[in-house]
Amino acid sequence: MTDEATASRSWSRRHFLAASTGVAITGWSRRSAAAEPREVVVPHLAFGSIVSAIVGPELRLQVDPSLPVATFKLGGTQLSVAERLLLKSQGHDRRRYLDDARNAPKLGAAVRDHLRNAWPEEAEAFTARHRTWSRSFVRDVLRWTKELSELDLRDKRVRDEHGRIYLLEWAGARTDDGGSDAPAGLASAPDEPTAATPAAYREYIQQLIDSTF
């Protein structure tokens, strides 16, 4: 069994149910209610938060932690976004690529493109939602990057004992088993957003950064 499969099985039923209901689906249009439901399935809540910024209220979002780390499903078809991401580490730590919020716009663009290909009749709506979200989010990324620069970790060797390679390298550190201690607050940092929503993801990233000081 691979590290990734082991990490997926470690999710409890409570986590799966909470993830699956992280996004409330309301306001279905008459046209959508009459058509076959459009379902998006993602591997974890952070991924789902990016999708929910783009898909709008007429798509059903669920989380399936058994999905490979850089894939999602549209209407039952599994799609990869790995080519847009720089994946690191192994197992559960590898799934935390959105701990580096610079990956979120890359993932968002990939999600947008796959959505437009799957449901071209909604292409303009997906493009508009993505544009609105990404313009605001990039400003947050710049602000967070500046906050992390105040840690003075750039080019320093740091042990990744808490499985936060993406966050540490975003701050400029070089992860090394022989390096210095990682910020102690990372030991109690949250493991994931509380829901698959853009607001929850923003809050999660801010909590991670706060835990490094």
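See the structure printed just above.
Before going into details, it helps to say that this report is about the structure given with it.

Conventions we followed
- Residues numbered from 1 in each chain as written.
- Predicted model: local features only at pLDDT ≥ 70, side-chain atom pairs only at ≥ 80, totals over all residues.
- Heavy atoms only, no water.
- Axes fitted to C-alpha atoms, helices over the stretch in contact; angles between N-to-C directions.
- Helix = DSSP H or I, 4+ residues; strand = E, 2+ residues; numbered from the N terminus.
- Parallel < 35°, antiparallel > 145°, perpendicular 65-115°, else oblique.
- Contact = heavy atoms within 4.5 Å.
- Nonpolar A, V, L, I, M, F, W, Y, C, P; charged D, E, K, R; others polar.
- Core = buried A, V, L, I, M, F, W, Y, C linked by side-chain atoms within 4.5 Å.
- Buried < 20%, exposed > 50% of the residue type's maximum accessible area, 1.4 Å probe, protein only.
- Polar contact = N/O pair within 3.5 Å; in protein donor to acceptor, adjacent residues only side chain to side chain.
- Expected span 1.5 Å × (residues − 1).
- Phe/Tyr/Trp six-rings, centres within 6.5 Å; stacked < 30°, edge-to-face > 60°.

1. Details of the packing of helix α4 (residues 45-55) against helix α7 (residues 123-149)
For the pair α4 and α7, interaxial distance at closest approach is 7 Å and the crossing angle is 125°. With respect to α7, the element α4 is oriented oblique. Two secondary-structure elements touch here, α4 through Ile50, Ala53, Ile54 and Val55 and α7 through Phe126, Arg129, His130 and Trp133. Residues belonging to the contact of α4 with α7 are distributed by class as follows: 6 nonpolar, 1 polar and 1 charged.

2. Here's the deal with the nonpolar core
Counting 53 residues, the largest nonpolar core has Val40, Phe47, Leu107, Leu115, Tyr201 and Ile205 as its most contacted members. Of all elements in the fold, only β1 (39-42), α4, β2 (60-63), β3 (71-74), α6 (103-118), α7, α8 (165-170) and α9 (198-211) reach the threshold of two or more residues within this core.

3. Some details on the side chain of arginine 96
Note that arginine 96 resides in the loop between α5 (91-94) and α6. There is a polar contact of 3.3 Å between the side chain of arginine 96 and the backbone oxygen of histidine 162. When sequence neighbours within four positions are dropped, the list of residues in contact with arginine 96 reads His162, Gly163, Arg164, Tyr166 and Asp191.

4. Side note on the environment of threonine 175
With respect to the helices, strands and loops of the structure, threonine 175 is situated in strand β6 (residues 174-175). Counting along the chain gives 19 residues from threonine 175 to lysine 156, while the straight-line C-alpha distance between them is 8.2 Å. Apart from the residues lying within four places of it in its own chain, the contact partners of threonine 175 are Val158, Asp160, Ile165, Leu168 and Glu169. Here the side chain of threonine 175 touches glutamate 169 through a polar contact of 3.3 Å, side chain to side chain.

5. A look at α9
A rise of 1.5 Å per residue sets the reference length of α9, with its 14 residues, at 20 Å; its end C-alpha atoms lie 20 Å apart and thus fit the reference within 8%. Buried within α9 are the following residues: Ala200, Tyr201, Tyr204, Ile205, Leu208, Ile209 and Ser211. The secondary structure elements touched by the buried residues of α9 are α4, α6, α7 and α8.

6. A few points about the side chain of serine 134
Relative to the assigned elements, serine 134 resides in helix α7. Given the relative accessible area of 14%, serine 134 is considered buried. For serine 134, the side chain forms a polar contact with the main-chain oxygen of arginine 131, separated by 3.3 Å.

7. Looking at the packing of aromatic side chains
The geometry of an aromatic ring pair comes down to the distance between the two centres and the angle between the two planes. Here the structure, examined in full by the defined rule, presents 4 aromatic pairs. Both rings, one in phenylalanine 47 and one in phenylalanine 72, keep their centres 5.4 Å apart while their planes meet at 40°; by these two values the pair is tilted. Of this pair, phenylalanine 47 sits in helix α4 while phenylalanine 72 sits in strand β3, and the two are 25 residues apart along the sequence. When sorted by exposure, phenylalanine 47 lands in the same class as phenylalanine 72, which is buried. Considering the side-chain rings of phenylalanine 137 and tyrosine 201, the 5.7 Å spacing of their centres and the 20° angle between planes classify their relative orientation as stacked. Residue phenylalanine 137 is found in helix α7, and its partner tyrosine 201 is found in helix α9; the two are separated by 64 residues along the sequence. On the accessibility criterion, tyrosine 201 (1% relative accessible area) is buried. The rings of Trp133, Phe137, Trp144 and Tyr201 are connected pair by pair, giving a single aromatic cluster.

8. Remarks on the packing of α6 against α7
Following both chains from N to C, one finds α6 and α7 inclined at 175°, their axes separated by 9 Å at the closest point. With respect to α7, the element α6 is oriented roughly antiparallel. Contacts from Ala104, Pro105, Gly108, Ala109, Arg112, Leu115 and Arg116 of α6 reach α7 at Ala123, Phe126, Thr127, His130, Trp133, Phe137 and Val138. Residues that form the contact of α6 with α7 fall into these classes: 9 nonpolar, 3 polar and 2 charged.

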